[in-house]
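So you can see what is in the structure, the chains are spelled out below.
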Amino acid sequence: MSKPAAGEMTIRQLAERTGMTVRNIRAHQTRGLLPPPIVRGRTGYYNEEHVARIELTREMQADGLNLEAIRRVLDSGDGSASAIFDFTRALRAPFEDEAPEIVEAEELERLWGDAAEAKLRQRAEKLGIFRSLPDGRIEVISPQLLRTAAELAELGVGAEGALVTAEKLRHHADGVARAFVDLFVKEVWQPFDRAGRPERDWPRINEALERMRPLAAGALRAAFQIAMGEAVEKESERTLRVAASPGKRSGKRRRGSS
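Residues numbered from 1 in each chain as written. Predicted model: local features only at pLDDT ≥ 70, side-chain atom pairs only at ≥ 80, totals over all residues. Heavy atoms only, no water.

Draft legend 1. How the structure looks around the pattern of salt bridges. On inspection of all chains with the given rule, the structure shows 15 salt bridges. Salt-bridge contacts for Arg 178 lead to Asp 182; the nearest nitrogen and oxygen are separated by 2.9 Å. Within this pair, Arg 178 and its partner Asp 182 are both found in helix H9 (residues 159–194), separated by four residues, close to a single helical turn. Owing to a relative accessible area of 46%, Arg 178 belongs among the partly exposed residues under this scheme. Put simply, Asp 193 and Arg 197 hold a salt bridge, and the shortest N to O gap is 2.7 Å. (Salt bridge = Lys/Arg side-chain N within 4 Å of Asp/Glu carboxyl O. Helix = DSSP H or I, 4+ residues; strand = E, 2+ residues; numbered from the N terminus. Buried < 20%, exposed > 50% of the residue type's maximum accessible area, 1.4 Å probe, protein only.)

Draft legend 2. Highlighting the side chain of His 50. Relative to the elements of secondary structure, His 50 occurs in helix H3 (residues 48–62). Residue classification places His 50 among the buried positions, given a relative accessible area of 2%.

Draft legend 3. Spatial organisation of the packing of H9 against helix H10 (residues 202–243). Direction vectors running N to C along H9 and H10 enclose 155 degrees, while the axes themselves pass 11 Å from each other. One element, H9, and the other, H10, form an angle in the roughly antiparallel class. In the packing of H9 onto H10, the handedness of the crossing is right-handed. Residues Val 176, Phe 180, Leu 183, Phe 184, Val 188, Trp 189 and Phe 192 of H9 form the contact with H10, whose own contacting residues are Trp 202, Arg 204, Ile 205, Ala 208, Leu 209, Met 212, Ala 216, Ala 219 and Leu 220. Counted by class, the contact of H9 with H10 contains 15 nonpolar, no polar and one charged residues. (Axes fitted to C-alpha atoms, helices over the stretch in contact; angles between N-to-C directions. Parallel < 35°, antiparallel > 145°, perpendicular 65-115°, else oblique. Left-handed = near helix turned anticlockwise from the far one by under 90°. Contact = heavy atoms within 4.5 Å. Nonpolar A, V, L, I, M, F, W, Y, C, P; charged D, E, K, R; others polar.)

Draft legend 4. Summary view of the nonpolar core. Counting residues in hydrophobic clusters, the biggest one holds 18 residues, and the most contacted among them are Met 60, Leu 74, Phe 87, Phe 184, Trp 189, Trp 202 and Ile 205. Residue assignment for this core shows that the elements contributing at least two residues are H3, helix H4 (67–76), helix H5 (81–92), H9 and H10. Excluding residues within four positions of it along the chain, Trp 189 makes contact with Phe 87, Phe 184, Arg 197, Trp 202 and Ile 205. Counting 13 residues, the second largest nonpolar core, distinct from the first, contains Ala 124, Ile 129, Phe 130 and Val 140. (Core = buried A, V, L, I, M, F, W, Y, C linked by side-chain atoms within 4.5 Å.)

Draft legend 5. Seen up close, the packing of helix H7 (residues 118–126) against H9. Relative to each other, H7 and H9 sit at 20 degrees, their axes nearing to 10 Å. By the angle between their directions, the pair H7 and H9 is classed as roughly parallel. The handedness of the crossing between H7 and H9 is left-handed. From H7, Leu 120, Arg 123 and Ala 124 reach across to H9, where they touch Ala 159, Glu 160, Leu 163, Val 164 and Glu 167.

Draft legend 6. Molecular detail of the sheet that holds strand E4 (residues 130–132). Across the sheet, which stays open at both edges, the three strands sit in the order E3-E5-E4 with antiparallel pairing between neighbours. At either margin of the open sheet sits one strand with a lone partner, and together these are strand E3 (101–103) and E4. Taken over all neighbouring pairs, the strand axes of this sheet differ in orientation by 25 degrees on average, direction set aside. With three bridges connecting them, E3 and strand E5 (residues 138–140) associate as antiparallel partners. Among the inter-strand pairings, Val 103 is bridged to a residue of E5, identified as Ile 138. Against the sheet, H7 makes contact with E4 and E5, and its axis sits at roughly 120 degrees relative to E4, the strand it touches most. (Pairing = 2+ DSSP bridges.)

Draft legend 7. Geometry of the environment of Ala 6. Looking at where Ala 6 falls in the secondary structure, it is placed in the segment before helix H1 (11–18). Here Ala 6 falls in the exposed class, since its relative accessible area comes to 83%. The sequence separation of Ala 6 and Asn 47 amounts to 41 residues, and the corresponding C-alpha distance is 8.9 Å.

Below you can see the structure in the form of structure tokens.
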């Protein structure tokens, strides 16, 4: 029997190292999930690359991919499957760091009043504001939106009006989000993809994705401030014109002289 090189191990040692059975390791090889061992004499030896591949496969399984999908990712990776998986995981990461909160149904009724009524709750769930859990509690996806609705209620805005506005906001937000995703795909991803996804450029692509998130949020806030200022100014001018119209003034005089 030949001796292993530094860092190499037999299939049984690999099984002990990764917590897998020898049978499952061989099944992974048959499915194309694991590179073949380095054969010396009659013995196959494995190394840290095999350990990393097994750990990566486990991560992708935990993320919901089946073995065939994992095999396709590994086959298309051209040596950079880990980078591809890290990138797709980054894509699915929450855009902001706001953490969902779990509340009792009674608390939702206290915070949101009439909006906790069944039909309004269904509309809010469709918008992705919160989700009903099997135990009757509510998972609030965006606590900030819920707090905004509660504060609007204090200003006299009803639940129906708040939800109608939220639906309009979601519609426009979908368009804004699509615009930024299309921008990233067209200007960053497609040139990288056409170049054959060189492994050395993966860090640049991941950095572009991470930087795009705060840039998109900042650009949206800036554009909204401009749009909100113009909308308020136009409404202010309209209100002043209506208040100063002759019909309004004559109406007041007639009421005063009667």
